[in-house]
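Overview (structure and organization)
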Amino acid sequence: MIYMIHINNLSYRYPDGTLVLDSVSMDVHKGEFVAIAGKNGSGKSTLLRHMNGLMLPSEGSVVVKGMDTIDSSFILNIRQIAGMVFQDPQSQFIGMTLEEDVAFGPENLGLPQEDIRKRVDMSLQDVGMQEYKHQTPGSLSGGQKQKVALASILAMKPEIILFDEVTSMLDPYSRGEILGLITQLHENGTTIVYVTHRLEELVHADRLIVMENGRITHNGYPRVILSQGNVVDSGFEFPPVIELAKRLCDSGFIDPACFPLSREKLMEALCQLM
Amino acid sequence: MSIDVRNVSFCYNKGTSLERRALDNVSLSVEKGEFVLIGGEVGSGKSTLIRHFNGLLKPQSGLVTVSGINSTNKAVRSKAVLLMQYPQKQLFGKTVFDDVSFGPSNFGLKGEALNKRVIDALNLVGLDHSVSALSPFSLSGGQMRQVALAGVLAMNPEYLILDEPTSGLDPENRSLLLSTLKKLHSTGISVIVVSHQVCELFPLAEKVVLLKHGSIAFTGTPAEYLRSVSSPLPEVTLLMKELNKAGFNVRDDIFSADAAFHEISNALVKKGVKRYG
């Protein structure tokens with residue numbers, strides 16, 4: 001297995017001394033889809049921000065494709081390899097038009113005009129927003145803005161994309177669209193790290209990391225972790241249908257090893273019982 | 001006493017090439033003390049409708065009255081208050097006190113009465129009065145939303161209207177907000193919530209209104225909704241309907257995990273299904 005991100009004993013303190021991350025060690029492998037979940041204040045977003053050098057460790061180290069984030073000569077390289085999409089896409093816009101906005105990253109790489117244009121067109125096309133390229137970001141809906149934010153990261157041709165609760169401000173339809181795009185990127189080989197507290201979004205993940213008080217409490221297969229009783233309080237949103245599935249597991253009707261993570265899976269499991 | 005909407009229609013950019021009809025001959029009433037959910041897809045007219053409830057938008061045809069007062073009269077703004085989506089973005093005061101007192105002081109409240117109003121409003125949303133001296137921007141996102149809510153409650157409204165109040169909140173802050181709404185409702189305030197996830201609020205609601213393309217597609221209780229509306233339905237209800245099709249004999253007008261668990265486990269036991277372990 002190839003490490004994309006190698007985190008060793010990472011601790012992070014705010015200037016006032018508050019410990020936000022407490023000796024965290026974990027790896028992200030090439031092509032993996034890793035979900036990170038936890039309550040507000042558990043340190044999940046802080047951990048994510050260390051993965052492209054947006055924040056730097058107080059102790060320990062974060063190494064992205066062999067490059068230590070603490071070494072400032074690597075930082076541009078690291079940012080190009082690992083792009084981040086934030087919760088509020090509004091905070092990421094800088095251009096007058098979508099085209100200009102998406103071009104910002106590649107322009108800073110010093111690419112020739114022709115290449116920049118190609119990359120902008122490609123990435124807007126990938127997220128299905130090409131026809132809007134001359135519009136202003138302000139005229140878009142929340143879901144469309146999030147797609148454009150993703151396009152501006154794709155224009156950098158990243159190997160890793162870090163997502164920080166990108167669906168939390170979206171309506172269910174746009175949420176589905178964004179998740180579809182992310183799953184597609186993953187299938188095409190992009191490494192995904194995805195911070196969320198929506199349980200139904202974990203279905204797509206290869207691995208789940210649960211954080212509490214700045215530490216990793218669980219690290220493994222989503223289904224296995226979620227079937228254990230003690231994660232219920234770790235800041236997950238258990239939609240009623242998953243709560244129902246969990247109670248049917250807990251009371252012995254459904255094998256906990258096959259914990260159904262969606263309505264469709266629960267339906268299958270129940271029909272098998274009959 | 002009620003908010004009465006009679007035959008209201010509304011177009012954006014009326015008379016231009018960008019004309020878009022948002023409400024088409026809508027009639028509806030919200031009684032004092034009622035808890036009402038207004039659902040519908042993006043663009044169905046939900047937000048346009050509630051902006052008529054406090055006179056923020058004036059009907060282009062038809063009539064809106066709030067406790068008998070025409071919505072074009074500014075007096076309705078203190079009776080029916082509107083909390084917009086992401087209200088924390090509207091905070092502007094140097095201190096929480098400045099923010100929460102802004103509305104009532106504009107309606108002439110001063111001195112001790114104003115102080116008391118602010119403290120009561122903060123208490124209603126579960127914040128200690130000690131936060132009133134802090135900058136609202138030093139608080140967490142969830143607390144900022146509570147401050148914004150306190151700001152509209154300080155108007156002593158009869159009707160509290162909220163646009164997507166749980167959007168972007170984590171589970172903890174969401175349940176805090178829902179329990180605040182429950183508490184407010186129990187004090188006699190009408191609560192009107194617009195959401196595209198109406199189902200999560202079913203346990204609190206007395207009436208559900210569903211909008212489609214600017215018209216009312218359904219009005220009734222949550223139970224009636226589950227029996228007569230085909231979408232959107234809560235996931236649990238959908239599951240129960242699917243189970244019935246597959247030959248289970250279970251109630252399908254329920255939406256909570258608890259009720260569904262009892263129905264399903266009873267059905268499984270009846271069929272002699274063995275448990276693991």
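Residues numbered from 1 in each chain as written. Chains lettered and ligands numbered in written order. Predicted model: local features only at pLDDT ≥ 70, side-chain atom pairs only at ≥ 80, totals over all residues. Heavy atoms only, no water.

1. Topic: the packing of helix α8 (residues 240–250) of chain A against helix α9 (residues 263–273) of chain A
In helix packing, the relevant descriptors are the interaxial angle and the interaxial distance, both defined with respect to the helix axes. All names here are of chain A. The geometry of α8 relative to α9 is characterised by a closest axis approach of 10 Å and an angle of 30° between their N-to-C directions. When the axes of α8 and α9 are compared, the pair comes out roughly parallel. α8 and α9 meet at a crossing whose hand is left-handed. Here Val-241, Leu-244, Ala-245 and Leu-248 of α8 come into contact with α9, specifically with Arg-263, Leu-266 and Leu-270. Broken down by class, the residue content of the contact of α8 with α9 amounts to 6 nonpolar, no polar and 1 charged. (Axes fitted to C-alpha atoms, helices over the stretch in contact; angles between N-to-C directions. Helix = DSSP H or I, 4+ residues; strand = E, 2+ residues; numbered from the N terminus. Parallel < 35°, antiparallel > 145°, perpendicular 65-115°, else oblique. Left-handed = near helix turned anticlockwise from the far one by under 90°. Contact = heavy atoms within 4.5 Å. Nonpolar A, V, L, I, M, F, W, Y, C, P; charged D, E, K, R; others polar.)

2. Comments concerning the interface of chain B and chain A
Contacts between the two partners involve 36 residues from chain B and, on the opposite side, 33 residues from chain A. Between chain B and chain A the total buried area reaches about 3000 Å² when both faces are included, carbon and sulfur atoms providing 66% of it. Across the chain B-chain A interface, the total number found is 4 salt bridges. B:Lys89 is the salt-bridge partner of A:Asp88, the closest N and O atoms lying 3.8 Å from each other. Between the two partners, chain B and chain A, sit 4 residue pairs in polar contact (both at pLDDT 80 or more). Residue assignment for the side of chain B that touches chain A shows that the elements contributing at least two residues are α6 (171–186), α8 (235–245) and α9 (257–270) of chain B. When residues of the side of chain B that touches chain A are assigned to their parent elements, the largest contribution, 9 residues, is made by α9(B). Classifying every residue of the side of chain B that touches chain A gives 19 nonpolar, 7 polar and 10 charged. (Buried area = accessible area lost by both parts, 1.4 Å probe. Salt bridge = Lys/Arg side-chain N within 4 Å of Asp/Glu carboxyl O. Polar contact = N/O pair within 3.5 Å; in protein donor to acceptor, adjacent residues only side chain to side chain.)

3. Describing the side chain of B:Ser67
Residues and elements named next belong to chain B. With respect to the helices and strands, Ser-67 occurs in the loop between β4 (61–66) and β5 (69–70). Relative accessible area serves as the criterion here: at 13%, Ser-67 is assigned to the buried category. Those residues in contact with Ser-67 that lie beyond four places of it in its chain are Met-1, Ser-2, Lys-79, Glu-158 and Tyr-159. (Buried < 20%, exposed > 50% of the residue type's maximum accessible area, 1.4 Å probe, protein only.)

4. Some remarks on unusual backbone geometry
Although it is not a glycine, A:Asn213 adopts a positive phi angle of roughly 45°. Within the fold, A:Asn213 resides in the loop between β9 (207–212) and β10 (215–220). Backbone geometry at B:Asn7 places phi at a positive 50°, although glycine is not the residue there.

5. A look at the sheet that holds strand β3 (residues 33–38) of chain A
All names here are of chain A. Strands sit in the order β6-β7-β8-β3-β9-β10 across an open sheet of 6 strands; the sheet is mixed. Either end of the sheet is taken by a strand with one partner, and the two such strands are β6 (82–85) and β10. Each adjacent strand pair in this sheet contributes to an overall mean axis angle of 15°, direction not counted. Inspection of the sheet shows β6 paired to strand β7 (residues 160–164) by 4 bridges, in the parallel sense. By the bridge assignment for β7, Met-84 is matched with Leu-162. In the packing of helix α5 (residues 142–154) onto the sheet, the strands contacted are β6 and β7, and the crossing angle to β6 comes to about 170°. Against the sheet, helix α6 (residues 172–187) contacts β3, β7 and β8 (191–195), and its axis sits at roughly 145° relative to β8. (Pairing = 2+ DSSP bridges.)

6. Describing the environment of B:Leu82
Residue and element names in this part refer to chain B. One can find Leu-82 in strand β6 (residues 80–83). Distance from Leu-82 to Pro-157, taken between C-alpha atoms, is 9.7 Å for residues 75 residues apart in sequence. Leaving out residues up to four positions away in the same chain, Leu-82 has contacts with Ile-50, Arg-51, Asn-54, Leu-56, Val-152 and Ile-161.

7. Description of the confidence of the model for chain B
On average, residues of chain B score 91 in pLDDT, and 100% of them are at 70 or above. Interface confidence in the predicted complex, given as ipTM, is 0.73; pTM for the same model is 0.78. (pLDDT = per-residue confidence, 0-100.)

8. A short note on the pairing of strand β8 (residues 190–194) of chain B
All names here are of chain B. β8 sits mainly inside the fold: 5 of its 5 residues count as buried. Residues of β8 alternate between two faces, with Ser-190, Ile-192 and Val-194 on one and Val-191 and Val-193 on the opposite face, all of them buried. Strand direction decides the pairing type here: strand β3 (residues 35–39) and β8, joined by 4 bridges, are parallel. Following the sheet pairing, Ile-38 is matched in β8 by Val-194. Alignment of strand β7 (residues 159–163) against β8, held across 5 bridges, turns out to be parallel. Among the inter-strand pairings, Ile-161 is bridged to a residue of β8, identified as Ile-192. Remark: the β7/α6/β8 crossover connection has right-handed handedness. (Right-handed = clockwise from strand over helix to strand, strands pointing away.)

9. Comments concerning the sheet that holds β3(B)
Residue and element names in this part refer to chain B. In space, the 6 strands of this open sheet follow the order β6-β7-β8-β3-β9-β10, with mixed pairing throughout. Lying at the two open borders of the sheet, with one neighbouring strand each, are β6 and β10 (215–220). Strand-to-strand twist across the sheet, computed as the mean angle between neighbouring axes with direction ignored, equals 15°. For strand β9 (residues 207–212) and β10, the ladder comprises 5 bridges, and the chain directions are antiparallel. Looking across to β10, one finds that Val-208 is bridged to Gly-220. Contacts from helix α5 (residues 141–153) reach β6 and β7 within the one sheet, and its direction differs from that of β6 by about 165°.

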